[in-house]
Amino acid sequence: MTRLEAIEAMKNGQKVTHRFFDTHEWIAMTAYGTILTEEDFRHNADEFWSYRTAPYWQTDWEIKCL
C-alpha cells in the first residue's frame, strides 16, 4: 500500500509495517495523531514523515498481522 493508504489505515486503528522495517517493527497512530512505535516511542507525525521523504517510503507499506 502507499504511504497515504498506510496513514489512513493507522487512523482506522491498524498497525502498519514497511519493507525496510524488521519483522517485529510496526507503527500506529494515536487518537491525537502521534506516531507510536512497537517500543512505545511517540513521535510527532510531521517530524516522523520529514525523515522519510525518499521515493521508497511512498510505497511498500502493509498492515501488520500480529
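The notes below deal with the structure included here. All values reported here derive from a predicted model rather than from experimental measurement.

**Some details on the nonpolar core**
In terms of nonpolar packing, the biggest core is built from 14 residues, with M10, V16, I27, I35, W49 and W61 touching the most fellow members. Where this core is concerned, the elements lending two or more residues are α1 (3-11), β2 (27-29) and α2 (45-50). By residue number, the principal contributor to this core is α1, which donates four residues. Discounting residues that sit within four places of it in the chain, I27 has contacts with M10, Q14, K15, V16, F21, I35, L36, T37, F48, W49 and W61.

**Thoughts on the packing of aromatic side chains**
Aromatic ring pairs are reported here in terms of the distance separating the ring centres and the angle at which the planes meet. Per the stated rule, a full pass over the model turns up eight aromatic pairs. Ring geometry for F20 and W57: centres 5.7 Å apart, planes at 80°, overall edge-to-face. Here W57 lies in the loop between α2 and β5 (61-63) and F20 lies in the loop between β1 (16-18) and β2, a separation of 37 residues in the sequence. What makes F20 partly exposed here is its relative accessible area of 42%. By relative accessible area, W57 is classed as buried at 12%.

**Re the side chain of T30**
Here T30 lies in the loop between β2 and β3 (35-37). Look past the residues within four positions of T30 in its chain and what remains in contact with it is L36 and R42.

**A closer look at α1**
Within α1, burial applies to R3, A6, I7, A9 and M10. An end-on view of α1 places all buried positions within 160° of arc, on one side of the element. Opposite its buried face, α1 presents the exposed residues L4 and K11, each directed more than 90 degrees away. Residues of α1 that are buried in the fold lie against β1, β2, β3, α2 and β5. Of the residues one or two after α1, G13 is the one with positive phi, at around 90°.

**With respect to unusual backbone geometry**
Residue D40 is not a glycine yet carries a positive backbone phi of 70°. Relative to the helices and strands, D40 resides in the loop between β3 and β4 (42-43). Judged by its relative accessible area of 49%, D40 is partly exposed. Within the chain, D60 stands out as a residue other than glycine whose phi angle is a positive 70°. Within the fold, D60 resides in the loop between α2 and β5. Take D60: its relative accessible area is 34%, and that puts it in the partly exposed class.

About the criteria used
Residues numbered from 1 in each chain as written. Predicted model: local features only at pLDDT ≥ 70, side-chain atom pairs only at ≥ 80, totals over all residues. Heavy atoms only, no water. Core = buried A, V, L, I, M, F, W, Y, C linked by side-chain atoms within 4.5 Å. Buried < 20%, exposed > 50% of the residue type's maximum accessible area, 1.4 Å probe, protein only. Helix = DSSP H or I, 4+ residues; strand = E, 2+ residues; numbered from the N terminus. Contact = heavy atoms within 4.5 Å. Phe/Tyr/Trp six-rings, centres within 6.5 Å; stacked < 30°, edge-to-face > 60°. Arc of directions from axis to C-beta.

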